[in-house]
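Each chain, written out:
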Amino acid sequence: MLSVDHLLSIAELKRQDIELILGRAQNFSRADARDLLEVPFLRGQFVANLFFEPSTRTQLSFEVAAKKLNADVISLNMATSSLVKGETLLDTAKNIEAMGPELMVVRSSDAGVPKMLADELKVGIINAGDGQNEHPTQALLDAFTLLEHFGRSVQDGLKGLTVAIVGDIKHSRVANSNMRLLTTLGAKVRVTGPRELLPDDLSGFGVQVVPNLDEPIVDADAVMMLRIQKERFGSQEIPSEREYHKHFGLTLERFLRMPKHAVVMHPGPMNRGVEIQSEVADHPRSLILRQVKNGVAVRMAVLHCLFAKRLGMK
Ligand code: CP
């Protein structure tokens, strides 16, 4: 049983929670579709998707995951909702809660919104990415993909592997969640990016900060490329894409200098030709679409674990 009632961050998960979710995701990933249709567990339950910020992968992946578990799903369309008439986010969430979902999947451009809803409502909350804070299910699917690719069990974890996270670390909730999760699972994590895109203090994360791209990736087992989060820059100057690509873009030439077994990852959306050259994104050693595929099994596991916890409490 999970130790938490909501999935708000990697920071609050215990190792046993992580192992439970990843282990269950492995089961879902191995089961074929016919087996899953036999699972009556969530029939009659429903999940509400509240995405207050655009999403392709996370929103649809949660929708597919819930449907594979025989749960029903409703999704708020922000642009055609009463939010545009001035209704507050909290009132919107309270009204949707009144319709009876057991779980709400929440994405917001403001850090702390999922936690605020968890404090205000009775429904279970899953953080689908909140501002620059955390994106816990992305990190879980990234870790799952690394375990799968390198043939590790959940208990083995990622000990002995080196993962480089490259790009706009400062504005990235994916980096925050991954630095926490990958180090918890035993990986050595190096981060790099332009000085202005690195946070002032990463001392609490147990990662190594390296000021250039070539050094941290030369012996890494995996490199995780992040896009520049232009929407989070405010009035600051956005770096030139050409300069960025020259110094921190993963070109084919750089990728081929990495070990022959090394893999590339990206949470998406990708900006081809900026942080990653197309030939790398589409390379046989790219795990990018595998990450998306695994996202379904991981989100099924998250829904399953939280439903089990909540239904067990009743
Ligand atoms: N990785 C990710 O969160 O993608 P979306 O913004 O498309 O959901």
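For the structure itself, consult the block above.
Calculation criteria
Residues numbered from 1 in each chain as written. Predicted model: local features only at pLDDT ≥ 70, side-chain atom pairs only at ≥ 80, totals over all residues. Heavy atoms only, no water. Buried < 20%, exposed > 50% of the residue type's maximum accessible area, 1.4 Å probe, protein only. Helix = DSSP H or I, 4+ residues; strand = E, 2+ residues; numbered from the N terminus. Arc of directions from axis to C-beta. Near = heavy atom within 4 Å. Polar contact = N/O pair within 3.5 Å; in protein donor to acceptor, adjacent residues only side chain to side chain. Areas by Shrake-Rupley, 256 points an atom, 1.4 Å probe, with all protein chains shown as cover. Pairing = 2+ DSSP bridges. Contact = heavy atoms within 4.5 Å. Axes fitted to C-alpha atoms, helices over the stretch in contact; angles between N-to-C directions. Lys, Arg positive; Asp, Glu negative; His and termini not counted. Salt bridge = Lys/Arg side-chain N within 4 Å of Asp/Glu carboxyl O. Right-handed = clockwise from strand over helix to strand, strands pointing away. Core = buried A, V, L, I, M, F, W, Y, C linked by side-chain atoms within 4.5 Å.

A. Expanded view of helix H9 (residues 241-248). Taken together, the buried positions of H9 are occupied by Tyr244, His245 and Phe248. The buried residues of H9 all sit within an arc of 105° when viewed along its axis, so they share a single face. For H9, the exposed residues set more than 90 degrees away from the buried face come down to Arg242 and Lys246.

B. Examining the site of the ligand more closely. Every residue close to the ligand is listed here: Ser55, Thr56, Arg57, Thr58, Arg107, His135, Gln138, Pro267 and Gly268. The side chain of arginine 57 places a nitrogen or oxygen atom 2.9 Å from an oxygen atom of the ligand. In the complex, the protein chains occlude 92% of the 250 Å² of accessible area that the ligand would expose alone.

C. Representation of the sheet that holds strand S8 (residues 222-225) in the model. Taken in spatial order, the five strands of this open sheet run S7-S6-S5-S8-S9, and their pairing is parallel. Edge positions in the sheet fall to strand S7 (208-209) and strand S9 (263-265), since each has one partner strand and no second. Here strand S5 (residues 162-166) runs beside strand S6 (residues 188-192); their pairing, made up of five bridges, is parallel. Its bridge partner being in S6, isoleucine 165 is matched across the sheet by valine 191. Packing against the sheet, helix H7 (residues 173-184) makes contact with S5, S6 and S8, and its axis sits at approximately 170° to S5.

D. Region of the structure containing the side chain of arginine 285. Its place among the elements puts arginine 285 in the loop between helix H11 (278-281) and helix H12 (288-313). One buried charged side chain, arginine 285, makes no salt bridge at all; its nearest oppositely charged neighbour is aspartate 221, positioned 9.9 Å away. For arginine 285, the side chain forms a polar contact with the main-chain oxygen of proline 259, separated by 3.4 Å. A polar contact is formed between the side chain of arginine 285 and the backbone oxygen of alanine 262, at a distance of 2.6 Å. What arginine 285 contacts, discounting residues up to four positions off in sequence, is Phe255, Leu256, Pro259, Lys260, His261, Ala262, Val263 and Val264.

E. Representation of the pattern of salt bridges in the model. Tallied over the full model, the rule gives 14 salt bridges. Arginine 180 is the partner of glutamate 134 in a salt bridge, and the nearest nitrogen-oxygen pair spans 3.0 Å. Highlighted residues: glutamate 134 in the loop between strand S4 (124-130) and helix H6 (136-149) and arginine 180 in helix H7, separated in sequence by 46 residues. Where aspartate 282 meets arginine 272, a salt bridge forms, and the shortest distance between an N and an O atom there is 2.9 Å. Pair noted here: aspartate 282 is in the loop between H11 and H12 and arginine 272 is in the loop between S9 and H11, with a separation of ten residues, a long-range link. Classification of aspartate 282 as exposed rests on a relative accessible area of 53%.

F. Broad picture of the sheet that holds strand S1 (residues 46-51). Taken together, the four strands give an open sheet; going across it, the order is S2-S1-S3-S4, and neighbouring strands pair in parallel fashion. The open sheet has two edge strands, strand S2 (72-76) and S4, and neither has a second partner. Between one strand and the next, the sheet's axes are offset by a mean angle of 15°, whatever the strand orientation. Both S1 and S2 contribute to a ladder of five bridges, which runs parallel. Its bridge partner lying in S2, leucine 50 is registered against leucine 76.

G. A look at the pairing of S1. Most of S1 is tucked away, with six of its six residues classed as buried. Covered by surrounding structure in S1 are Phe46, Ala48 and Leu50 together with Val47, Asn49 and Phe51, the residues of both alternating faces. Chirality of the crossover, the property in question, places the unit of S1, helix H3 (residues 57-68) and S2 among those that are right-handed.

H. Focus on the nonpolar core. Among the nonpolar cores identified, the biggest contains 65 residues, and Ile126, Leu140, Ile165, Leu182 and Leu303 are the most heavily contacted of them. Among the elements that take part in this core, H12 stands out by supplying ten residues, more than any other. Aside from chain neighbours lying at most four places away, what touches leucine 182 is Ala143, Leu146, Leu158, Val163, Ala187, Val189 and Met224. Listed in part, the 21 residues of the second largest apolar core include Ala164, Leu213, Phe255 and Val280.

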